[in-house]
Amino acid sequence: MILDGKSPTGPIEQTWDRHRFDMKLVNPANKRKYKILVVGTGLAGASAAASLGELGYNVEAFCYQDSPRRAHSIAAQGGINAAKNYPNDGDSIRRLFYDTVKGGDFRAREADVWRLAQVSNDIIDQCVAQGVPFARDYAGYLDNRSFGGAQVSRTFYARGQTGQQLLLGAYSALMAQVKAGTVKIFPRTEVMDIVLVNGEAKGVTLRDLITGKYRTHVGDAVILCSGGYANVYDLSTMARGASVSANWAAYKKGAYFANPCYTQIHPTCIPQSGDYQSKLTLMSESLRNDGRCWVPRNHGDNRPPNDIPEEDRDYYLERKYPSFGNLAPRDIASRAAKEQCDDGRGVGPGGRGVYLDFRDAINRLGEDTIRERYGNLFEMYELITAENGYKVPMRIYPAPHYAMGGLWVDYNCMSNLPGLFVLGEANFSVHGANRLGASALMQGLADGYFIIPYTIANYLAQTKPGMLKADAPECQASLQEVEARVNKLLSINGKRTVAELHREIGSLMWNNAGMARSEESLKEAIEKIPAIREEFWQNVRIPGAGAELNQQLENAGRVADFLEFGELLCRDALHRRESCGGHFRVEYQTEDGEALRDDENFCYSAAWGFKGVDNEPELHKEPLKFENVELAVRSYK
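Since the model is a prediction, treat every value here as computed from it, not as a measurement.

1. Focus: the overall build of the protein
Secondary structure summary: the protein contains 17 helices and 19 strands in total. For the protein, the C-alpha radius of gyration of 24 Å lies close to 26 Å, the compact-globule estimate for 637 residues. The C-alpha extent of the protein, read off along each of the three principal axes, is 75 × 60 × 50 Å. For the protein, with 637 residues in total, the buried portion stands at 61%. Contacts spanning at least 24 positions in sequence make up 73% of the contacts within the protein whose residues lie at least 6 apart. In the protein, 74 side chains carry a positive charge and 80 a negative one; their mean positions are 4 Å apart.

2. Some remarks on the packing of aromatic side chains
As enumerated under the stated definition, the model contains 26 aromatic pairs in all. With a centroid separation of 5.9 Å and 75° between ring planes, the pair formed by F106 and F626 is classed as edge-to-face. Of this pair, F106 sits in the loop between α4 (93-103) and α5 (110-130) while F626 sits in the segment after β19 (618-623), placing them 520 residues apart in sequence. By the burial criterion, F106 is buried, and F626 matches it. Here Y251 and F610 contribute two aromatic rings whose centre-to-centre distance is 5.4 Å and whose plane-to-plane angle is 65°, an arrangement assigned as edge-to-face.

3. Here's the deal with the sheet that holds strand β9 (residues 221-224)
Pairing is parallel in the open sheet, where 5 strands are placed in the order β5-β2-β1-β9-β17. Each end of this open sheet is capped by a strand with a single partner; those strands are β5 (183-186) and β17 (420-422). Neighbouring strand axes in the sheet, compared pairwise and without regard to direction, differ in orientation by 20° on average. Examined bridge by bridge, strand β1 (residues 35-39) and strand β2 (residues 58-62) share 5 bridges and lie parallel to one another. Counted as the bridge partner of V38 is A61 from β2. The strands that helix α7 (residues 245-252) touches are β1, β9 and β17; relative to β9, the one it contacts most, it runs at about 135°.

4. Remarks on the pattern of salt bridges
Taken as a whole and judged by the stated rule, the model has 60 salt bridges. Here D91 and R154 are joined by a salt bridge, their closest N and O atoms 2.8 Å apart. Here D91, found in the loop between β3 (80-81) and α4, pairs with R154, found in the loop between α5 and β4 (155-156); they are 63 residues apart in sequence, far enough to count as distant. Both residues of the pair, D91 and R154, count as buried. The partner of E285 in a salt bridge is R330, and the shortest N-O contact between them spans 2.4 Å. One end of the pair, E285, is in the loop between β11 (263-269) and β12 (292-296); the other, R330, is in helix α9 (residues 330-342), and 45 residues separate them in sequence. Owing to a relative accessible area of 1%, E285 belongs among the buried residues under this scheme.

5. Thoughts on the nonpolar core
L224, F257, L420, M509, F536 and F565 are the most contacted members of the largest nonpolar core, which totals 74 residues. Sort the elements by how many residues they give to this core and helix α16 (residues 551-575) lands first, with 11 residues. Summarising the domain contributions, this core has at least three residues from each of domain 1 (12-262 + 404-460) and domain 3 (479-599). If near-sequence neighbours (up to four positions away) are discounted, L420 is found in contact with A201, V222, L224, A250, A255, L407, C413, M414 and S415. Within the second largest apolar cluster, 69 residues are counted, among which are V38, I80, A108 and L423.

6. Some thoughts on the environment of Y229
With respect to the secondary-structure elements, Y229 resides in the loop between β9 and α7. Taking relative accessible area as the criterion, Y229 reaches 2% and is therefore assigned buried. Counting along the chain gives 256 residues from Y229 to R485, while the straight-line C-alpha distance between them is 21 Å. Of note is the side chain of Y229, whose polar atom sits 3.4 Å from the backbone nitrogen of G405.

7. Looking at the sheet that holds strand β8 (residues 214-218)
Spatial ordering of the open sheet is given by β6-β7-β8, a layout of 3 strands whose pairing is antiparallel. Two strands in the sheet have a free side with no partner beyond their single neighbour: β6 (189-197) and β8. In this sheet, adjacent strand axes meet at a mean angle of 30° when their direction is disregarded. Alignment of strand β7 (residues 200-208) against β8, held across 5 bridges, turns out to be antiparallel. Note that in β8 the partner of L206 across the bridge is R215.

8. What to know about α16
An α-helical turn contains 3.6 residues, so any two residues separated by three or four positions project in the same direction. Its 25 residues place the ends of α16 36 Å apart at the C-alpha level, agreeing with the 36 Å of an ideal helix rising 1.5 Å per residue. Bending of α16 peaks at approximately 25° at the position of E564. With 21 of 25 residues buried, α16 is to be regarded as a mostly interior element. Between a side-chain oxygen at the N-terminus of α16 and the backbone nitrogen of Q552 the separation is 3.2 Å; the capping residue is N550.

9. Quick notes on the domain arrangement of the protein
The assigned domain composition of the protein is domain 1 (12-262 + 404-460), domain 2 (270-399) and domain 3 (479-599). With centres defined by C-alpha atoms, the gap from domain 1 to domain 2 works out at 31 Å. The partner domain 2 presents 27 residues to the 23 residues of domain 1 that form the contact. For the pair domain 1 and domain 2, the two sides together bury roughly 2100 Å², of which 52% comes from carbon and sulfur. Its largest share of buried area at the contact with domain 2, domain 1 owes to Q77, R159 and L235, together 29% of the area lost on that side. Applying the counting rule to domain 1 against domain 2 returns 0 salt bridges. Taken together, the connections running from domain 1 to domain 2 amount to 13 residue pairs in polar contact (both at pLDDT 80 or more).

10. A few points about empty space enclosed by the protein
A complete count under the given rule lists 5 cavities of 30 Å³ or more for this structure. For the lining of the largest cavity, the elements supplying multiple residues, two or more each, are α7 and α16. Counting residues per element, the lining of the largest cavity draws most heavily on α16, at 4 residues.

11. A look at the environment of L37
By the secondary structure assignment, L37 is in strand β1. The spatial distance from the C-alpha of L37 to the C-alpha of G203 is 7.4 Å, given a sequence separation of 166 residues. Look past the residues within four positions of L37 in its chain and what remains in contact with it is E60, F62, K202, G203, V204, H217, V218, G219, A221, V222 and I223.

Rules behind the numbers
Residues numbered from 1 in each chain as written. Predicted model: local features only at pLDDT ≥ 70, side-chain atom pairs only at ≥ 80, totals over all residues. Heavy atoms only, no water. Helix = DSSP H or I, 4+ residues; strand = E, 2+ residues; numbered from the N terminus. Rg over C-alpha atoms; globule rule 2.2 N^0.38 Å. Buried < 20%, exposed > 50% of the residue type's maximum accessible area, 1.4 Å probe, protein only. Contact = heavy atoms within 4.5 Å. Lys, Arg positive; Asp, Glu negative; His and termini not counted. Charge placed at Lys NZ, Arg CZ, Asp CG, Glu CD. Phe/Tyr/Trp six-rings, centres within 6.5 Å; stacked < 30°, edge-to-face > 60°. Pairing = 2+ DSSP bridges. Axes fitted to C-alpha atoms, helices over the stretch in contact; angles between N-to-C directions. Salt bridge = Lys/Arg side-chain N within 4 Å of Asp/Glu carboxyl O. Core = buried A, V, L, I, M, F, W, Y, C linked by side-chain atoms within 4.5 Å. Domains from an automatic or database assignment. Polar contact = N/O pair within 3.5 Å; in protein donor to acceptor, adjacent residues only side chain to side chain. Expected span 1.5 Å × (residues − 1). Bend = angle between axes of the 7 residues up to and from the residue. Buried area = accessible area lost by both parts, 1.4 Å probe. 1 Å grid on protein atoms, 1.4 Å probe; cavity = no way out; pocket = protein on both sides within 12 Å on 5 of 7 lines; lining within 4 Å. Points joined across faces, edges and corners; volume = space filled by probe spheres on them.

Have a look at this one:
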């Protein structure tokens, strides 16, 4: 099937404004008749719930954490992009649009990216009005810094904790609506199924994580804001509870999953230190503003880094990409670091690390300035490694980080299932094959504050409210399906732990479908995953019961979904016989090791339809057209 993203036509500068005018509205008196269910309360979910509540809709918001403040958005560090051009260095909405399309390796919709760039400036104004403590310069103006993939400074930041501050802003707006009575929050609940009525999303079935009881909530539309799926690799920078499960439930009900092979590897993470750690720790890309990446020039040079003189250091990003240097985009910087380590010049245990050195910046600016810009990041690094990054170069290595793929949505952020909207990292929308740094926070808040309030009204205006009741047959069937699956998990009583099986699938995914993929490695993974899945369902052991707080049971459900999703990711990567962005097929690269796209055969988004766990999924395509940015070889040299 050829999919229609419903992108507006005409001059791209006018598309969003004209589309907003053309969409249907719900008048204020009618808004209170509709109920909207929001799954997830990170930046996208909290901003959407707060905005829709303020408009007068009835909103119910669900999160598995004990508070929306604990959403994974809180872990974002470096900043949020906007095209305000405060530094007067040549930025504009068009340049942000261009950088994002190019940064995604020409695998995103132009209209969606333009809209993101257009509303970016409104996000900053909104957050400042909420009291978000963005960094300011000596005169009191909002400060900016640079991020990878751009030659301008457009990233607004709050030291190294921008995600936390933005989430607290969205949380304050959310709680204001809770007090006003328009929003109800249901923490410690995990959504496990989507309820459809005549093919339209009208409810969710969840498990109360404290009592273990199941219940269905009904409404007039469902918004998924459930984040990404990097934990399919087991070790990643994601919060340990982050999963693909809400998206996967929607996929198994008929929603298309688009571009699952587009996963981002972040180049600036603390290297793995053992086989049994729970996650990897991100060190913000913003550090590459002042830190220089290097490895010893000579093989076997094991001297302490401060003893290695300048002539024996290889500043490999500055050498390979002189125009962007240490601020090359994430996919390129990650592959470059792996290349140095594969060449035997990596540092630290196992040779899986490169240096991120602040010596020159400290000499130029002083330690106090560096401390002011990144102090909490240095503190975090020292707590984890027992090394002082001001005195000794940090050690970093790439790690799974973000998911550019997600549920397929049209220009209105609605999936192919009417009434099911998907926002933020949970959708596939604007990042193409690679996300530029500081764009995730921008997308989450753009979707929640400035896009969904318009686009969901267009759907609701054509929908009669209250179509589904909690005792409807569709709700009862969903409850029975969810309860049966949980009971099946608890009844296995095998010998292997959930964590053990998660490490097994994660290791296979990282080695075969991680930073580099090949036809051979992907076919091997596709062959081995069903065996691990069968071992899980035959031999996993889940202690405890279902009618209580049971985190092993929660983890088991999420890993069960990863054991199905991982196969889809590999199939998507195998079918895409090209390299683009974070999808690097080793068979498709230029002579100097750069990604080699195939625009003639693969200039489309691949959206997969569920056909059964052990059956091949069905491929649907959405062709991508580039009328405002010329398709070109992506170069940062």
